[in-house]
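# Report on the structure
Next come the chains, spelled out residue by residue.
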Amino acid sequence: MTATTDPHLWLEDVEGADALDWVGRRSREAEESLRTGLYPELHEGIRTALEASDRIPLVGQVGDHLYGFWTDADHPRGVWRRTTWESYRAGASSAGEGDGTEWEVLVDLDALGEQEGVPWVWQGASILRPTHDRALVHLSRGGSDAGTTRELDLTTLEWVAQPEGFAKGEAKGRLSWRDRDHVWLTTADDPTGATRSGYPRTVRLWERGTPVETAQVVHTIDEADLGLFVEHDQERDQTVLRRVKTFYTEEVLVLTEEGPVRLPVPDSAEPSVHGGWVALRLRHDWETHPAGSLLVAPLADALAGTAAWQALFTPDERSSLVDLTWTATRLVTTTLVDVRHSVQVHSPDGTGWSTTDVTDDLDLGLRTVSVSAVDDDTSDDLWLVTTGFLEPMALSVAHLREDGMELEPLRSAPSRFPSEGLEVSQHFAVSADGTRVPYWQVGPSDLPLDGTTPTVLHGYGGFEHALTPAYDPIVGRSWLAHGHVHVVAGIRGGGEYGPRWHQAALGPERHRAYDDFVAVARDLVARGVTSVERLGCTGRSNGGLLVGNMLAHHPEDFGAIVCQVPLLDMQRYHLLLAGASWVAEYGDPEDPAAQEWLPSISPYQLVDGSRPTPPVYLATSTRDDRVHPGHARKMAARLEELGRDVTYWENTEGGHGGASTADQWATWHALAWSFLHQRLGRA
């Protein structure tokens, strides 16, 4: 099937009248069939969890205040607000009274949206340092990636009107502070145009009070590149430009008085610049260092090409680097060993760097840990968030000392679903080529291994993204609380074992991710956890492509499939919205070499009338400007054309996430889980 022979190409017209009429009719039919049975209970349970007043209010420190974004029943689109450390700590101790913190509301999105008639969605804010009296507020219409920016006076809480204030029109890109009277501007709406992937290709320096058309061009990249992004450290007056060539290659430029200076490191490496240091994460072997290593060197030496790089982390077959964060004087890393978290603190000691593993101090067990700096300019304190499949989120501050780490617990979220009688276990399946594939299983501790238990298998398998234990009240309330089993697979293409695990399923080897996933499905059946008719699978975005390939290649292994905001037409994906940015992951459909394998992983073309398929639920968002909604629309039309059991639903806003408010999220999830209960539930 080609563009000239595709009978459903008209569904790619995102807001075309005929396409929207088709979407509306299919979505109404989906709601009529799924808003029955358990749906009201599911919707209410999800919404209650999402709007609970005793959720942990996560914050970030800027100056003397803690800033955070919050949604609840009274503010479904949310408020940006701030408080003090004294009030935040006092609020944490008000057990049984909800959050007792005193908050100052800075931006009320519900009020703003009602006033302006726009369904605004929060995209974040950046605060001017060191005065902390102005902020650049980033908003999106309906949740799309394309957003707007406007300047807020934090002393009067009034918008700063142009020409005095800074503002960016609706487009992909961002404004960021250089100083009080200058901002860095990147926008896909620049006169130089956007890249083929739809991202900015020019960075400008814009002076307050001058027309944006006169903003000085600092750097421009090729149209064929993915995009140009700017990072500015206000406290250190340090600017870094990232010319992203492909999803996995970039050229990092440090802005000096002489202009941009390229950091002479491999394009496939990921540099992190912090003051006088640069850390380098390797995606491929370099010199004597294997892929997945983390190196560090003085920035001046690195720019001069004379750096003696020191390895802070070197992976083995079982371990990988997950993330890093800088504090004022140290570098902190989180790593995985067989998909289990550990934490290390790295400190410069005058002649090099020393490393201390602090995992034992944290008593992580099977929990995931997320670490970030409280204030990387003035403090070595860390925000530390932990979560597990059956353990709600907990927030602490970790104070790094010379002799170790001191934890200050701040908040713990309550349980959102009954976990008594549930257990977490880790298993390994064997893929088609003999590779051991890890997966997590959550379900009853007294599970009867007779194949009768409804089970849902979730996966992603792309972009070096690792799936690790996390508390999900939606899965808990909607599935686990009913005595069912939920499984998360760590297949190749992900980051569970670092770059090698990811690169093993790139381009022509993409099938390995799908081999891994179906191997886990078959292992669950072989172990007696479930049976084919009771086994469903779920995936979103790249995970939608994953389960789409289950539909195309392994339909006999599943009883139902939930496919959300997916890529599915891999012969045209590079022409749709941000699709061109993922060529490094999947291959270029216009490259003759890639034409050898892309048709074999393109579910839209592969599904035909010669093979039975399980029931399918497809969902997307009209406002998704990252993965084109046409993928899901066309697949639904194709399955409908073949007379298959297909249910289609499309939200009118929400962007690539699929929803914008707690009520929308409750609908988004409740429809999918209602579908799974209907198709997989016990008779």
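Everything numeric in this text was worked out from a predicted model, so none of it was measured.

## Things to note about the overall build of the chain
Each helix and strand counted, the chain has 14 helices and 37 strands in total. Expected size for 683 residues packed as a compact globule is a radius of gyration near 26 Å; at 25 Å, the chain falls within 12% of this value. Expressed as lengths along the three principal axes of its C-alpha atoms, the size of the chain is roughly 65 × 55 × 55 Å. The long-range share in the chain, meaning contacts at least 24 apart out of those at least 6 apart in sequence, stands at 58%. Both charge centroids of the chain, one from 57 positive and one from 103 negative side chains, sit 4 Å from each other.

## A few points about the nonpolar core
Counting residues in each nonpolar core, the largest one holds 100 residues, and the members touching the most others are Phe517 and Leu618. With nine residues, helix H14 (residues 662-680) is the largest single contributor of residues to this core. In this structure Phe517 touches Leu457, His458, Gly459, Ala489, Ile491, Cys537, Leu546, Val547, Met550 and Phe558, once residues within four positions along its chain are discounted. Val240, Val252, Ala269 and Val273 belong to the second-largest nonpolar core, a separate cluster that totals 17 residues.

## Remarks on the packing of aromatic side chains
Per the counting criterion, the structure on display carries 25 aromatic pairs. The interplanar angle of 80 degrees and the centroid separation of 6.4 Å between the aromatic rings of Tyr88 and Trp103 together place this pair among those described as edge-to-face. On the criterion of sequence distance, the pair formed by Tyr88 in helix H3 (residues 85-92) and Trp103 in the loop between H3 and strand S4 (104-108) is long-range, its members being 15 residues apart. Given a relative accessible area of 0%, Tyr88 falls into the buried group. Through successive ring pairs, a cluster of aromatic residues spans Phe247, Tyr248, Phe463, Tyr573 and Tyr586. Above the plane of the ring of Tyr199 lies Lys172, whose end atom (NZ or CZ) is 4.5 Å from the centre.

## Things to note about the sheet that holds strand S13 (residues 216-220)
The strand order S10-S11-S12-S13 describes an open sheet built from four strands, whose pairing is antiparallel. Pairing within the sheet leaves two strands with one partner each, and these edge strands are strand S10 (173-179) and S13. Averaged over neighbouring strand pairs, the angle between their axes works out to 25 degrees when direction is ignored. The sheet contact formed by strand S12 (residues 202-207) and S13 spans four bridges and is antiparallel. Its bridge partner lying in S13, Thr202 is registered against Thr220.

## A word on the pairing of strand S15 (residues 238-246)
Burial of S15 is extensive: seven of the nine residues sit out of reach of the surface. As paired strands, strand S14 (residues 227-233) and S15 are joined by seven bridges and run antiparallel to one another. Of the residues in S15, the one forming a bridge with Phe229 is Arg242. Between the antiparallel neighbours S14 and S15 lie four residues, among them Asp237 with a positive phi of about 50 degrees. Pairing between S15 and strand S16 (residues 249-256): six bridges, direction antiparallel. Paired with Thr246 across the strands is Thr249, a residue of S16.

## With respect to helix H13 (residues 630-641)
An ideal rise of 1.5 Å per residue puts 16 Å on 12 residues; H13 measures up with 16 Å between its terminal C-alpha atoms. Counting buried positions along H13 gives 10 out of 12 residues, so the element sits mostly inside the fold. Listed as buried for H13 are Gly630, His631, Ala632, Arg633, Lys634, Met635, Ala636, Ala637, Arg638 and Leu639. Buried-residue contacts for H13 involve helix H1 (17-34), helix H10 (542-553), helix H12 (603-606), strand S36 (616-621) and strand S37 (646-651). Backbone geometry just downstream of H13 places Gly643 in the positive-phi region, at approximately 75 degrees.

## Describing the environment of Leu395
Following the sequence through the fold, Leu395 ends up in strand S28 (residues 394-401). Judged by relative accessible area, Leu395 falls into the buried class, the value being 3%. In contact with Leu395, other than residues within four places in its own chain, are Ile56, Leu58, Tyr88, Trp383, Leu384, Val385, Pro409, Leu410 and Arg411.

## Examining the layout of surface pockets
Here the largest pocket defines a volume of roughly 330 Å³. In terms of lining residues, the largest pocket is bounded by 19 residues, among which Arg196, Ser197, Ala224, Ala580 and Val583 are the most central. The set of elements that each furnish at least two residues to the lining of the largest pocket consists of S15 and helix H11 (583-586). Considered class by class, the residues forming the lining of the largest pocket number nine nonpolar, four polar and six charged.

## Description of the packing of H1 against H13
In contact at an axis separation of 12 Å, H1 and H13 are set at 65 degrees when each is read in the N-to-C sense. Relative to H13, H1 is oriented roughly perpendicular. Relative to H13, H1 is oriented so that their crossing is left-handed. Counting all contacts with H1, which are made through Ala19, Leu20, Trp22, Val23 and Arg26, the residues of H13 involved are Arg633, Ala636, Ala637 and Glu640. Its residues assigned to classes, the contact of H1 with H13 shows six nonpolar, no polar and three charged.

## Some thoughts on the pattern of salt bridges
Using the criterion set out here, one finds 53 salt bridges in the structure. Notably, a salt bridge pairs Asp179 with Arg178, separated by 2.9 Å at the nearest N-O pair. Judged by its relative accessible area of 25%, Asp179 is partly exposed. Relative accessible area serves as the criterion here: at 26%, Arg178 is assigned to the partly exposed category. Across the salt bridge formed by Arg281 and Glu464, the nearest N and O atoms sit 3.1 Å from each other. One end of the pair, Arg281, is in strand S19 (residues 277-281); the other, Glu464, is in the loop between strand S32 (455-458) and helix H7 (473-478), and 183 residues separate them in sequence. Of the residues examined, Arg281 reaches a relative accessible area of 14% and is grouped as buried. One connected set of salt bridges, linked through shared partners, spans Asp222, Asp225, Arg243, Lys245, Glu251, Arg262 and Asp267.

Cut-offs used in this document
- Residues numbered from 1 in each chain as written.
- Predicted model: local features only at pLDDT ≥ 70, side-chain atom pairs only at ≥ 80, totals over all residues.
- Heavy atoms only, no water.
- Helix = DSSP H or I, 4+ residues; strand = E, 2+ residues; numbered from the N terminus.
- Rg over C-alpha atoms; globule rule 2.2 N^0.38 Å.
- Contact = heavy atoms within 4.5 Å.
- Lys, Arg positive; Asp, Glu negative; His and termini not counted.
- Charge placed at Lys NZ, Arg CZ, Asp CG, Glu CD.
- Core = buried A, V, L, I, M, F, W, Y, C linked by side-chain atoms within 4.5 Å.
- Buried < 20%, exposed > 50% of the residue type's maximum accessible area, 1.4 Å probe, protein only.
- Phe/Tyr/Trp six-rings, centres within 6.5 Å; stacked < 30°, edge-to-face > 60°.
- Lys NZ or Arg CZ within 6 Å of the ring centre and 35° of its normal.
- Pairing = 2+ DSSP bridges.
- Axes fitted to C-alpha atoms, helices over the stretch in contact; angles between N-to-C directions.
- Expected span 1.5 Å × (residues − 1).
- 1 Å grid on protein atoms, 1.4 Å probe; cavity = no way out; pocket = protein on both sides within 12 Å on 5 of 7 lines; lining within 4 Å.
- Points joined across faces, edges and corners; volume = space filled by probe spheres on them.
- Nonpolar A, V, L, I, M, F, W, Y, C, P; charged D, E, K, R; others polar.
- Parallel < 35°, antiparallel > 145°, perpendicular 65-115°, else oblique.
- Left-handed = near helix turned anticlockwise from the far one by under 90°.
- Salt bridge = Lys/Arg side-chain N within 4 Å of Asp/Glu carboxyl O.

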